[in-house]
Amino acid sequence: MPKPIVTEDFIIELFCRIDDEMKDFRKHSQSNLYPSEIVTIGVLFAIKGEGSRPFYRWLKGNFLSLFPKLPERTRLFRLLESHKEWTERFMGEPTVLGIADTYGIELIHPIREGRSGKQIGRKGKSNHRWIVGGKVCVVVNKFGLICGFDVKTANVYDASFRPLIEKFRGKMIVLTDSHFHSRDGKDPENMKVCKRGRWNVRMLVETVFSMMTRVFKFKKVTHRVWEYFKMRVAFTMAAFNILASWRGLKADDKGFVRLSIAEFCL
């Protein structure tokens, strides 16, 4: 049995792992935080699964000694938003077979739709219920690690994410459900549409979504600006890959890799 996670020790080790991956990133002369510190805070924000204000109170109130040059809250989140592309460093490597699916995220309750002119989410269906928010499409490899993702509003059809699948042409055959199929027949060459009840290996991506929902509380977020919502998604994808591979991706006797990130819940 693995030892229980001590939060401060976990944050230190998380920073070390991220820093090892970002050795070639240089600190800006006018920045108070190193790139690896920025990514570490962004990943902690994703793991904590709260809004920006409670997260900032938690971080500053408990771990200011680890981030002594922590900037003011709004400046910190502008910093995270402007550097969300750094999370691409933590995407998984493509394998021969991969899986694509979408995940709906609620931004506001459907009854509040249209009350604000600044509403960023749109109305769509997720898990057989209406939501007002966004939709994330992920492509995972055979181990369940996220290799790529895209974000759109919840009202778009899954087929609109085909360009994401096209990016893995020549690298990965991507299994999808019928919602990704295009009526015009212009599906990517590397996309394989699986009929219902076949290729049950696709359930791996549902396991990934379930862990995000339970551990990261990712099914509902409170962002009101689209770029900040995309920032939250990017750091969540990076956080999942880091935690899922924390103890190595070891296969059992049947060649199955069991994913688990519950021990890292903050």
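Going by the structure above, here's the rest.
No experiment lies behind these values; they were computed from the predicted model shown.

Analysis parameters
Residues numbered from 1 in each chain as written. Predicted model: local features only at pLDDT ≥ 70, side-chain atom pairs only at ≥ 80, totals over all residues. Heavy atoms only, no water. Helix = DSSP H or I, 4+ residues; strand = E, 2+ residues; numbered from the N terminus. Buried < 20%, exposed > 50% of the residue type's maximum accessible area, 1.4 Å probe, protein only. Polar contact = N/O pair within 3.5 Å; in protein donor to acceptor, adjacent residues only side chain to side chain. Contact = heavy atoms within 4.5 Å. Core = buried A, V, L, I, M, F, W, Y, C linked by side-chain atoms within 4.5 Å. Phe/Tyr/Trp six-rings, centres within 6.5 Å; stacked < 30°, edge-to-face > 60°. 1 Å grid on protein atoms, 1.4 Å probe; cavity = no way out; pocket = protein on both sides within 12 Å on 5 of 7 lines; lining within 4 Å. Points joined across faces, edges and corners; volume = space filled by probe spheres on them. Nonpolar A, V, L, I, M, F, W, Y, C, P; charged D, E, K, R; others polar.

A.B. asks: Would you explain unusual backbone geometry in this entry?
C.D. replies: Most peptide bonds take the trans form, and the phi angle of most residues other than glycine is negative. Despite not being glycine, H128 shows a phi value in the positive range, around 65°. Considering the arrangement of structural elements, one finds H128 in the loop between β2 (122-126) and β3 (129-140). The backbone of K217 shows a phi angle near 50°, a positive value even though the residue is not glycine. Looking at the secondary structure, you find K217 in the loop between α6 (203-216) and α7 (226-244). Judged by its relative accessible area of 39%, K217 falls in the partly exposed class.

A.B. asks: For this particular structure, what's the right way to read the side chain of T102?
C.D. replies: In this fold, T102 is placed in strand β1 (residues 97-108). When its relative accessible area of 17% is taken as the criterion, T102 is described as buried. One polar contact links T102 to D158, side chain to side chain, over a distance of 3.3 Å. Ignoring any residue separated from it by four or fewer positions in sequence, one finds T102 in contact with K135, V136, C137, D158, F161, F180 and F209.

A.B. asks: Help me understand the nonpolar core in this model?
C.D. replies: Nonpolar side chains in soluble globular proteins tend to be buried together. Membership of the largest hydrophobic core comes to 64 residues, with the highest contact counts inside it found for F10, V43, L59, F216, F218, F240 and I261. The leading source of residues in this core is α7, at 11 residues. Leave out the neighbours within four places in its chain, and F216 touches A46, I47, G49, M211, R232, T236, A239, F240, L243 and I261. Within the second largest apolar cluster, 12 residues are counted, among which are V139, F161, I165 and F180.

A.B. asks: Whenever I open this one, the packing of aromatic side chains confuses me. Can you help?
C.D. replies: Aromatic rings considered in pairs are described by the distance between their centres and by the relative angle of their planes. Applying the stated criterion across every chain yields a total of 12 aromatic pairs. Look at F25 and W86: their rings are 5.5 Å apart centre to centre, the planes differ by 70°, and that puts the pair in the edge-to-face class. Of the two residues, F25 is situated in the loop between α1 (7-21) and α2 (35-48) and W86 in the loop between α4 (73-82) and β1; the sequence distance between them amounts to 61 residues. Of the residues examined, F25 reaches a relative accessible area of 23% and is grouped as partly exposed. Relative accessible area serves as the criterion here: at 18%, W86 is assigned to the buried category.

A.B. asks: Whenever I open this one, the layout of surface pockets confuses me. Can you help?
C.D. replies: Unoccupied space between atoms shows up once a probe the size of one water molecule is rolled over them. As a volume, the largest pocket reaches approximately 1000 Å³. Considering the residues around the largest pocket, the lining is formed by 29 residues, among which D101, H128, D177, H179 and E206 are closest to the centre. Split by residue class, the lining of the largest pocket holds seven nonpolar, 11 polar and 11 charged. Put simply, the second largest pocket is a space of about 560 Å³. Residue lining of the second largest pocket: 20 residues in total, with E88, M91, G148, F149 and K167 positioned closest to the centre. Of all the secondary-structure elements, those providing two or more residues to the lining of the second largest pocket are β4 (146-153), α5 (162-166) and α7. No other element matches β4, which puts five residues into the lining of the second largest pocket. Broken down by class, the residue content of the lining of the second largest pocket amounts to nine nonpolar, three polar and eight charged.

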